Amino acid sequence: MNALPRPAAEHPRAGARRAQILAAAATCFRRDGFHGASIAAISAAAGMSAGHIYHYFENKEAIIAGIVAQDLDRALDITAQLRSSPDVLDAVLGAVAGGVERSLDAEAAALKVEIVAEASRNEQVAGIVRAADEQGLASLV
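Residues numbered from 1 in each chain as written. Predicted model: local features only at pLDDT ≥ 70, side-chain atom pairs only at ≥ 80, totals over all residues. Heavy atoms only, no water.

**Quick look at the layout of surface pockets**
It is the rolling of a water-molecule-sized probe over the atoms that shows where space remains empty. Going by this rule: With a 1 Å grid laid over protein atoms only, a set of points is called a cavity when a 1.4 Å probe fits there but cannot get out and a pocket when it is open yet has protein on both sides within 12 Å along at least five of seven lines; lining residues have an atom within 4 Å of a point. Grid points are joined across faces, edges and corners, and a volume is the space filled by probe spheres set on the points. To qualify as a helix, a DSSP run of H or I must reach at least 4 residues; to qualify as a strand, a run of E must reach at least 2; elements of each kind are numbered from the N terminus. Under the scheme applied here, ten amino acids are nonpolar (Ala, Val, Leu, Ile, Met, Phe, Trp, Tyr, Cys and Pro), four are charged (Asp, Glu, Lys and Arg), and all others, including Gly, are polar.
Space inside the largest pocket adds up to approximately 940 Å³. If you trace the largest pocket, you find 33 residues lining it, with Asp71, Leu72, Arg74, Ala75 and Lys112 closest to the centre. Counting only elements with at least two residues in the lining of the largest pocket, the list comes to helix H1 (12–36), helix H4 (60–84), helix H5 (88–103), helix H6 (106–121) and helix H7 (123–140). If you tally residues by element for the lining of the largest pocket, the top one is H4, at ten residues. Per-class residue counts for the lining of the largest pocket are 21 nonpolar, five polar and seven charged.

Right, dumping it as structure tokens:
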């Protein structure tokens with residue numbers, strides 16, 4: 001897998017629905033783990049039917065791909081800001097505080113641990129994580 005799947009330009013409401021599903025799934029994955037979080041639980045947390053979730057995501061691995069893509073987008077935004085800065089060292093030092101703050105977010109950390117744990121068991125998820133890492137590293141280079 002060379003790149004994370006990206007949805008085509010979508011209607012703003014569809015983007016909001018995808019974000020709603022991803023937020024609900026993140027909550028369920030943190031609370032119950034990847035295997036303990038069912039599509040039924042995710043649909044209840046999102047306030048929509050399981051069928052509606054399947055309209056946006058083929059399976060839980062696709063939901064993880066969406067969560068990883070969100071995280072990658074944030075990282076790519078940061079690296080783009082660093083690259084465009086007239087003083088890269090100053091920009092990096094300025095970004096450190098935000099990075100430390102994000103690293104101390106227990107909910108974000110718990111979700112990342114769950115995704116990495118699933119990547120150790122599931123080659124599809126491992127490919128998603130590897131692709132994101134490769135894109136993030138390429139952006140830094």
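**Considering a nonpolar patch on the surface**
Heads up, the condition is: Each patch is built from residues lacking any salt bridge and having more than 30% relative accessible area; the joining distance is 9 Å for like charges and 5 Å for nonpolar side chains (Val, Leu, Ile, Met, Phe, Trp, Tyr). Each accessible area is a Shrake-Rupley estimate made with a 1.4 Å probe; only the visible protein chains count as cover when residues are assessed. One speaks of a salt bridge when a side-chain nitrogen belonging to Lys or Arg is within 4 Å of a carboxyl oxygen belonging to Asp or Glu. Between buried and exposed lies partly exposed: a residue is buried under 20% and exposed over 50% of the maximum accessible area for its type, with that area taken using a 1.4 Å probe on protein chains only.
The grouping of Val88, Leu89, Val92, Leu93, Val96, Val100 and Leu104 at the surface amounts to a nonpolar patch, some 640 Å² of accessible area in total. On the secondary structure map, Leu104 appears in the loop between H5 and H6. Taking the relative accessible area as the measure of exposure, Leu104 reaches 67% and is therefore exposed.

**Examining the confidence of the model for the protein**
Which entries qualify depends on this criterion: The predictor attaches a confidence to each residue, called pLDDT, with possible values from 0 through 100.
Confidence in the prediction for the protein averages 89 pLDDT; 93% of positions are at 70 or higher. Confidence, read as mean pLDDT per element, is least for H5 in the protein (82) and greatest for helix H2 (residues 39–46) (97).

**A few points about the packing of aromatic side chains**
Where we set the bar: Each aromatic pair joins two rings of Phe, Tyr and Trp (for Trp, the six-membered one) with centres within 6.5 Å, and gets the label stacked for planes under 30 degrees apart, edge-to-face for over 60, and tilted for any other angle. The rule for a charge over a ring is simple: NZ of Lys or CZ of Arg within 6 Å of the ring centre, and within 35 degrees of the ring normal.
On inspection of all chains with the given rule, the structure shows one aromatic pair. Both rings, one in Phe29 and one in Phe34, keep their centres 5.4 Å apart while their planes meet at 45 degrees; by these two values the pair is tilted. Exposure remark for Phe34: the relative accessible area of 3% places this residue in the buried category. One Lys or Arg, Lys60, reaches over the ring of Phe34 and ends 4.6 Å from the middle of that ring.

**A word on the environment of Val141**
Inspection of the secondary structure assignment puts Val141 in the segment after H7. Taking relative accessible area as the criterion, Val141 reaches 84% and is therefore assigned exposed. Residues Val141 and Ala46, 95 residues apart in the sequence, show an inter-C-alpha distance of 38 Å.

**Brief notes about the side chain of Thr79**
Operational definition: In what follows, residue pairs with any heavy atoms lying within 4.5 Å of each other are defined as contacts.
Here Thr79 shows up in helix H4. Setting aside residues up to four positions removed in sequence, Thr79 forms contacts with Ser139 and Leu140.

**Focus on H6**
Inclusion rule: Given the number of residues in a helix, its expected span is that number minus one, multiplied by 1.5 Å. What the arc covers is the set of directions going from the helix axis to the C-beta atoms. Any N or O atom pair separated by 3.5 Å or less is treated as a polar contact, with the protein-specific requirement of one donor-capable and one acceptor-capable atom, and with residues adjacent in sequence counted only for side-chain atom pairs.
Relative to the 22 Å expected for 16 residues at 1.5 Å per residue, H6 spans 23 Å between its end C-alpha atoms, a close match to the ideal helical length. Buried within H6 we find Leu111, Glu114, Ile115, Glu118 and Ala119. Angular distribution of buried residues about the axis of H6 spans 140 degrees; they occupy a single face of the element. Every exposed residue of H6 that faces more than 90 degrees away from the buried side is listed here: Ala106, Val113, Val116 and Ser120. Elements that come into contact with the buried residues of H6 comprise H1, H4 and H7. Capping the start of H6, Asp105 holds a side-chain oxygen 3.1 Å from the backbone nitrogen of Glu107, two or three residues further along.

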